[in-house]
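Listed below, chain by chain, are the residues.
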Amino acid sequence: MVAAASLVALLGGCLSLWLGQDSNWDLRNYHLYNGYAALQGRLHLDLAPAQMQSYFSPLLDVFQYLLLVRLPGPLVGFVMGVLHGLLFVPVAGVAWWVLRDRAERAWLAPLLGVAGLCMASVLSEFGNTMADNTTALFVVGSLWAVVHAQSRAEGVVPWRSWVLAGVLLGMAVALKLTNAIYAIGMAAALLAAGGRWSQRVLGLTVVAATALLVAALAAGWWYWQLWQHHGNPLLPQFNAWFQSPLAQQGGVADTRWLPRGLGEHVLWPLIFAANPKRVSEISLVQLVWPLLFVVGLALLGQHLLRRRRAHTAAAFAPVLRGVVAFVLVSYLLWQFVFSIHRYLSALELLAPLLLWCGWVRLWPGTRGPRSAGWLVAVCVIVSLVGRGDWGHESWASQAFRVQGPPMAAPAQSVVLLVGAEPQGWRVPLLPAQARYAAVASNFPEAEGYRAALAAMLDERPYQFAMLPGYSDRLALRFEALNRKVAAVGLHAEPGCGKLSWIARTVRGGRLKVEQQQGRCVLVPGRAGPMTPAAAEAEERTAAQARLGAYGLQLVPGSCVTLDSRIGQGRFPYQWCRLQPVR
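In this report, the structure presented in the accompanying data block is examined. (Residues numbered from 1 in each chain as written. Predicted model: local features only at pLDDT ≥ 70, side-chain atom pairs only at ≥ 80, totals over all residues. Heavy atoms only, no water.)

Structural notes on the pairing of strand 6 (residues 462-468)
Convention followed: Note on classification: 1.4 Å probe, protein chains only; a residue is buried when its accessible area is under 20% of the maximum for its type, exposed when over 50%, partly exposed between these limits. A run of DSSP states H or I qualifies as a helix once it reaches four residues; a run of E qualifies as a strand once it reaches two. Both are numbered from the N-terminal end. For two strands to be treated as a pair, DSSP must find no fewer than two bridges joining them.
Taken across its seven residues, strand 6 has six buried, putting it largely inside the fold. Relative to strand 6, strand 4 (residues 413-418) is paired through five bridges, and the arrangement is parallel. Each bridged residue has a counterpart across the sheet, and for V414 the counterpart in strand 6 is Q463. Inspection of the sheet shows strand 6 paired to strand 13 (residues 573-580) by five bridges, in the antiparallel sense. Note that in strand 13 the partner of A465 across the bridge is C576.

What about the packing of aromatic side chains?
Defined as follows: For this analysis, a ring pair means two rings from Phe, Tyr or Trp (six-membered ring only for Trp) whose centres lie within 6.5 Å, classed as stacked if their planes differ by under 30 degrees, edge-to-face if by over 60, and tilted for the remaining angles. The criterion for a charge sitting over a ring is simple: Lys NZ or Arg CZ within 6 Å of the ring centre, and within 35 degrees of the ring normal.
In the structure shown here, the tally under the stated rule is 21 aromatic pairs. Centre to centre, the rings of F272 and W334 are 5.6 Å apart; their planes meet at 65°, and the pair counts as edge-to-face. Taken together, the positions of F272 in helix 13 (residues 261-274) and W334 in helix 15 (residues 319-337) put the pair 62 residues apart, joining distant regions of the chain. By relative accessible area, which is 0% here, F272 ends up buried. Consider the rings of F316 and W356, whose centres lie 6.2 Å apart with planes at 85°: the pair is edge-to-face. Of this pair, F316 sits in the loop between helix 14 (288-304) and helix 15 while W356 sits in helix 16 (residues 345-362), placing them 40 residues apart in sequence. Considered together, F316 and W356 belong to a single accessibility category, that of buried residues. Aromatic rings pair up to connect W268, F272, W289, Y331 and W334 into one cluster. Across the ring face of F316, the terminal group of R102 is positioned such that the distance to the ring centre comes to 5.4 Å. Sitting over the face of the ring of W197, R200 holds its NZ or CZ atom 4.9 Å from the ring centroid.

Remarks on the packing of helix 5 (residues 88-98) against helix 8 (residues 132-150)
Put simply, the rule reads: Here an axis means a line fitted to C-alpha atoms, over the contact stretch when the element is a helix, while the angle between two N-to-C directions is reported on a 0 to 180 degree scale. Orientation labels follow simple angle bins: below 35 degrees gives roughly parallel, above 145 gives roughly antiparallel, 65 to 115 gives roughly perpendicular, and whatever is left gives oblique. Helix crossings fall into two classes, left-handed where the near helix is turned counterclockwise from the far one by less than a right angle and right-handed where it is turned clockwise. The contact definition used throughout considers only heavy atoms, calling two residues in contact when any of these lie within 4.5 Å.
Where helix 5 contacts helix 8, the axes come no closer than 8 Å and their chain directions differ by 25°. Taken together, the axes of helix 5 and helix 8 lie roughly parallel to each other. Crossing angle aside, the handedness with which helix 5 passes helix 8 is left-handed. Listed contacts from helix 8 to V89, P90, V91, G93, V94 and W97 of helix 5 are L137, V140, G141, L143, W144, V147 and H148.

Describing the nonpolar core
Basically, it comes down to this: Joining through side-chain atoms within 4.5 Å is the link that ties buried Ala, Val, Leu, Ile, Met, Phe, Trp, Tyr and Cys residues into a set, and such a set is a nonpolar core.
Ranked by size, the top nonpolar core spans 77 residues in total, and within it V98, L99, L143, F326, W334 and W356 carry the most contacts. Ranked by the residues each element gives to this core, the list is headed by helix 16, at twelve residues. Those residues in contact with L143, other than ones at most four positions away along the chain, are V94, M186, A189, V323, F326 and L350. Y223, A247, V414 and F443 belong to the second largest nonpolar core, which has 35 residues in total.

Structural notes on a nonpolar patch on the surface
Our working definition: Residues enter patches when their relative accessible area tops 30% and they take part in no salt bridge; the joining distance is 9 Å for like charges and 5 Å for the nonpolar side chains Val, Leu, Ile, Met, Phe, Trp and Tyr. To be clear on the numbers: accessible area is Shrake-Rupley with a 1.4 Å probe, and residue cover counts the displayed protein chains and nothing else. Salt bridges are identified by distance alone: a Lys or Arg side-chain nitrogen within 4 Å of an Asp or Glu carboxyl oxygen.
A cluster of nonpolar side chains, contributed by L262, V266, L267, L270 and V294, occupies part of the molecular surface with about 450 Å² of accessible area. Looking at the nonpolar patch element by element, the count peaks at four residues for helix 13. Within the secondary structure, L270 is located in helix 13.

Some points on the sheet that holds strand 11 (residues 564-566)
Pairing within the open sheet is antiparallel, and its three strands lie in the order 3-11-12. On the outer flanks of this sheet lie strand 3 (400-402) and strand 12 (569-570), each paired with one strand and no other. Note: strand 11 against strand 12, two bridges, orientation antiparallel. Looking at strand 12, one finds that R565 is bridged to R570.

So, the state of the cysteines
Under the convention used in this document: Whenever a pair of cysteine sulfur atoms sits within 2.5 Å, that pair is classed as a disulfide.
As enumerated under the stated definition, the model contains two disulfides in all. Paired by a disulfide, C496 and C520 hold their sulfur atoms 2.0 Å apart. Across the S-S bond of C496 and C520 the torsion is about -85°, and the bridge reads as left-handed. Pair noted here: C496 is in the loop between helix 19 (473-487) and helix 20 (497-505) and C520 is in strand 8 (residues 519-524), with a separation of 24 residues, a long-range link. Of the two residues, C496 and C520, neither departs from the other in class, the shared state being buried. Between the sulfur atoms of C559 and its disulfide partner C576 the distance amounts to 2.0 Å. The chirality of the disulfide connecting C559 with C576 is right-handed, given an S-S dihedral of about 115°. In this pair, C559 sits in the loop between strand 9 (552-554) and strand 10 (560-562) while C576 sits in strand 13, placing the two residues 17 residues apart along the sequence. By sequence-ordered numbering of the bonded cysteines, the protein chain has its disulfides arranged as 1-2, 3-4. Cysteine C118 remains unbridged, with the sulfur of C379 as its closest cysteine sulfur at 11 Å.

Details of the environment of T366
Inspection of the secondary structure assignment puts T366 in the loop between helix 16 and helix 17 (367-385). Distance in space between the C-alpha atoms of T366 and L226 is 59 Å, their sequence separation being 140 residues.

Description of the packing of helix 14 against helix 16
Here is the rule we go by: Three classes are used, and their members are as follows: Ala, Val, Leu, Ile, Met, Phe, Trp, Tyr, Cys and Pro are nonpolar, Asp, Glu, Lys and Arg are charged, and the others, Gly among them, are polar.
The contact between helix 14 and helix 16 brings their axes to 10 Å, and the two run at 40°. In this structure, the crossing between helix 14 and helix 16 has a hand that is left-handed. For the pair helix 14 and helix 16, the contacting residues are V288, W289, L291, L292, V295, A298, L299 and Q302 in the first and L347, E348, A351, L354, L355, G358, W359, R361 and L362 in the second. When grouped by side-chain class, the residues that make up the contact of helix 14 with helix 16 number 13 nonpolar, two polar and two charged.

Section: the environment of A438
Position of A438 among the secondary structure elements: in strand 5 (residues 435-439). The class of A438 is buried, set by a relative accessible area of 1%. Spatially, the C-alpha atoms of A438 and L417 are 4.6 Å apart, while their sequence positions differ by 21 residues.

Considerations on the pattern of salt bridges
Inspection of the entire model under this criterion finds 16 salt bridges. Residue R387 is joined to D389 by a salt bridge in which the shortest nitrogen-to-oxygen separation is 3.9 Å. With relative accessibility at 32%, the residue D389 sits in the partly exposed group. Bridged by salt links that share partners, the residues D26, D132, K176 and R342 form one connected network.

Regarding helix 2 (residues 25-40)
Counted only if it meets this: To estimate how far a helix should reach, multiply one less than its number of residues by 1.5 Å. Two axes enter the definition of the bend at a residue: one is fitted to the seven residues ending there, the other to the seven starting there, and the bend is the angle between them. Under the rule applied, a polar contact is a pair of N or O atoms within 3.5 Å (in protein, one hydrogen donor and one hydrogen acceptor; residues adjacent in sequence only if both atoms are side-chain atoms).
In a regular helix each residue adds 1.5 Å, so 16 residues correspond to 22 Å; helix 2 covers 23 Å between its end C-alpha atoms and thus fits that length. The largest bend along helix 2 reaches roughly 30° and is located at N34. Burial analysis of helix 2 places twelve of its 16 residues in the buried class, which makes it a mostly covered element. For helix 2, the full list of buried residues reads D26, L27, R28, N29, Y30, H31, L32, Y33, N34, G35, Y36 and A37. On the buried face of helix 2, the contacting elements are strand 1 (21-22), helix 3 (59-70), strand 3 and strand 11. One side-chain oxygen at the N-terminal end of helix 2 lies 2.9 Å from the backbone nitrogen of D26; it belongs to N24. G41 lies just past helix 2 and shows a positive phi near 65°.

See the structure below:
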C-alpha cells in the first residue's frame, strides 16, 4: 500500500503540473488575501476587501498563502497535487476494512481508492486552493480511524483511534466550516456499528469531545477576534442572532442551488446529474450519484420484500454499516443545507466503494463483482470525459504579479475595491500602509459598515478606486484555436467545407467560419464581447453609479489600466482617483 500511495501521490503532482496555475474565483477573491491579512493582522485596518468571504476562517489560507508567495508557482502546483493525491490513502484504507472478508481485497481496495480520485468534484479541484479536496483528507481520514476502531476485537476499547478520529474531524471543521455536516454524519457512523451500544456511545463521546476541543483550539482565536472587533464570530452569517452593526440583520445564505419542491427533493440525484449546473457554476458531469440512488432503492426494495437470503448475501465487514450511515446522513444534510456540488468531495471519494458494494449485494453471484467493476469504470470514464475546470493559466515562475499603481502616500491613502468581481488577491501585492475596503460587493452592508467606511475616508485624504480591467482573452483563445486548425491543414481547404461542418456541430452558434486572406479561420459565431477599451469604459460607468451611493465619484480622466498576472494569465485592473460628488 505504501508503494501504491507514493505512486498515486507522484502522479497527482504531475497531473497538477499538467493542469497549470490555479486561478479559480475563490483564490482571486479571498484565499490569497485572507492568508495575508491573518499574518499581517489587518482585521482592524481593512473593511472586507475580499467581500463577505474576508471573514472566513483563514487557517488553511495562511498555509496556502505562504506556499504561493514563497515558492515558484510550478512547485506549489506540484505540492498541492501530491497533497490531493494522498487522498488515495484514507479512501483505500476505508475500503480495506470494508472488504476485510473479500478475497479480492488486496487489489480491489487500491483500485477503488484511485476511482474515488477520479470522481467529478474531486477532479475539478485537483491541485487547486478551493479547500474541498484538502479538507477531505481530514474528513475521510477521520472516517478511516472510526472504521479501524470498529474493526477491533470485541472488548478492546480503541482509545487511540477514537482520539485520532476526533482530531482529524475537528481540524476539518476548523479549516472549513461547511464540513460541520460531516461531523453529524460521523456521529451516525459511530452509532451504526462497532460492538455493544455502550461502546458505540463511548466512542461517539470521545470523538465529539476531541473534535470540539481541536476545532476550538485551531480556529477559536479567529472567531474570538471577529467577536471582539465586529460583534459576530461568523460575520456576516447568522447576523440575525449576533446583530453586528456592520451587516444586515437577515441571514446570508446561497439558496439558489437548493431543490425546489418535494419532487425535486426525492429525485435530486437524478436531476443534478442530468443538469449539473443546478448545483454548480460549472458543469461537473458524473454518473455515480444517480447509480447510487437507483442501487440504494433496489436494495431497500429487496430488503422490504425479504427476497434476500442470508446464505446468498455478499460478505462484507459490519463496518460497512457505519460507512453507509456516514454517507447517507451527510448527503441528506448537504442536500437540505447547501446542495453545492463541490461540497460533496469527501462523499464522492467514497462513492465508488459504495457503488461496488451495493451492486455486489444485489448480485452476489460470480458475475456480480465483475459487473460492479465495469459499473465503477463507466463512472470514472464519464467523470474524466466531462471534467470541469474552475480556472487555470499557463505556468510562470512567479505565481502572482501586480504592476504597482501611482500612490505617492500609501500611509495616507484608502483604496476602494468596487463591485463584486474578485479583486482581493492583488491587495497582498500592493502597498501595505494603505487601507483597503470593498464597496457595492457581495457583503450585506448595514449602517455600521457605511459609518466605518466614512470614518476611514475621513481619516485619509488620498482616495482611490480599483476596478476590473479587461484583456481580449477571447481573441487569444481563437488565435490558439486557429493555430490548431492550421496544424491539421483545414485552413487551406477550398470552400472551407470541413471546417464549416465542424463549426455547425458546435451548439449555440458559438463558432462560424470566414475566409481571411485566402485562409479558412474560425471566428466567434455571435457578436463578440466589446473591445477591452469599451468594456473598461462600461465598467467605469457602472462604478460611477455604485460610488454615487457613497457620495464619491471617479475623477474624470484619472483612470489608468495596469497589468496584473496569475501565472501567465493577464488580469488587468483599472486604477482611478476618487473625489466627493459635487
